[in-house]
Amino acid sequence: QFSCKPSIQPSSPCTHQARVTRPIIQGKAQTREADVVKEIKRGSMKEKWGLSLVYRMEDSRIELAVNKVSMFSPAAKAGIQTGDTILLINDWKVEAMEQIQAALNIFLAAGFSVNLGWIKTSNCLDEWGALDAI
């Protein structure tokens, strides 16, 4: 058996602040599985993927969602829609990452293709943090 309770650990012996860690199941952070996984290709390095992304911390995990998809972009051709939640970037689980910058770095390091996994959702994205269009 395993426990899904988040653990609280003191951030340092000199303060009363605490940091919450992710629930652990068999040694791994609890994440969701993608409904759709596709390789997205672009014609040149100058061409963007056509995504505007937003993020938030939810239940001690990063959530990365699509705020806008440019028409005729590689993302639009793959079927990504506004409100979808991105769970995988080149087989890296976004929800298991500690910082949003790690997810962006994997995305930005992709060459002419990137493997994305996502679930179809219709989140209200009003209070999410905005990221640069990629």
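Rules used throughout
Residues numbered from 1 in each chain as written. Predicted model: local features only at pLDDT ≥ 70, side-chain atom pairs only at ≥ 80, totals over all residues. Heavy atoms only, no water. Helix = DSSP H or I, 4+ residues; strand = E, 2+ residues; numbered from the N terminus. Contact = heavy atoms within 4.5 Å. Polar contact = N/O pair within 3.5 Å; in protein donor to acceptor, adjacent residues only side chain to side chain. Buried < 20%, exposed > 50% of the residue type's maximum accessible area, 1.4 Å probe, protein only. Pairing = 2+ DSSP bridges. Core = buried A, V, L, I, M, F, W, Y, C linked by side-chain atoms within 4.5 Å. Salt bridge = Lys/Arg side-chain N within 4 Å of Asp/Glu carboxyl O.

### Regarding the environment of Lys 48
- Tracing the backbone through its elements, the reader meets Lys 48 in the loop between β5 (36-41) and β6 (51-58).
- Separated by 60 residues in the primary sequence, Lys 48 and Leu 108 have C-alpha atoms spaced 9.9 Å apart.
- Setting aside residues no more than four positions away along its own chain, Lys 48 makes contact with Arg 42, Pro 74, Ala 133 and Ile 134.

### Focus: the side chain of Ser 73
- As for its placement among the helices and strands, Ser 73 is situated in the loop between β7 (61-69) and α1 (74-78).
- Side-chain polar atoms of Ser 73 contact the backbone oxygen of Ser 70, separated by 2.7 Å.
- The contact partners of Ser 73, leaving out residues within four places of it in the chain, are Trp 49 and Gly 50.

### Focus on the pairing of strand β8 (residues 85-89)
- The buried fraction of β8 amounts to five of the five residues, a majority that puts the element mostly inside the structure.
- Pairing geometry for β7 and β8, over two bridges, is antiparallel. Paired with Ala 65 across the strands is Thr 85, a residue of β8.
- Sheet analysis places β8 next to strand β10 (residues 113-119), joined by four bridges and oriented antiparallel. Within the sheet, the bridge partner assigned to Ile 89 lies in β10 and is Leu 116.
- Looking at chain direction, β8 and strand β9 (residues 92-93) are connected through two bridges and run antiparallel. Pairing of Leu 88 across the sheet is with Lys 93, part of β9.
- Between β8 and β9, which pair antiparallel and follow one another directly, the connecting turn spans two residues, one of which, Asn 90, has a positive phi of 50°.

### Structural notes on the nonpolar core
- Formed by 26 residues in total, the largest nonpolar core has its most connected members in Leu 51, Leu 53, Ile 80, Ile 89, Phe 107 and Leu 116.
- Take this core: its biggest share by element is five residues, from helix α2 (residues 100-109).
- Here Leu 53 is in contact with Leu 64, Ala 65, Val 66, Asn 67, Ile 86, Phe 107, Gly 129, Ala 130, Leu 131 and Ile 134, once residues within four sequence places are set aside.

### Side note on the pattern of salt bridges
- In total, this model carries six salt bridges according to the counting rule given.
- Put simply, Glu 95 and Arg 32 hold a salt bridge, and the shortest N to O gap is 2.6 Å. A residue pair is termed long-range when its members are at least 10 positions apart, and Glu 95 in the loop between β9 and α2 and Arg 32 in the loop between β4 (28-29) and β5 qualify at 63 residues.
- Relative accessible area serves as the criterion here: at 27%, Arg 32 is assigned to the partly exposed category.
- Linking Glu 95 and Arg 61 is a salt bridge whose minimum nitrogen-to-oxygen distance equals 3.2 Å. A residue pair is termed long-range when its members are at least 10 positions apart, and Glu 95 in the loop between β9 and α2 and Arg 61 in strand β7 qualify at 34 residues. Of the two residues, Glu 95 and Arg 61, neither departs from the other in class, the shared state being buried.
- Because the salt bridges share partners, they merge into one network encompassing Arg 32, Arg 56, Arg 61, Glu 63 and Glu 95.

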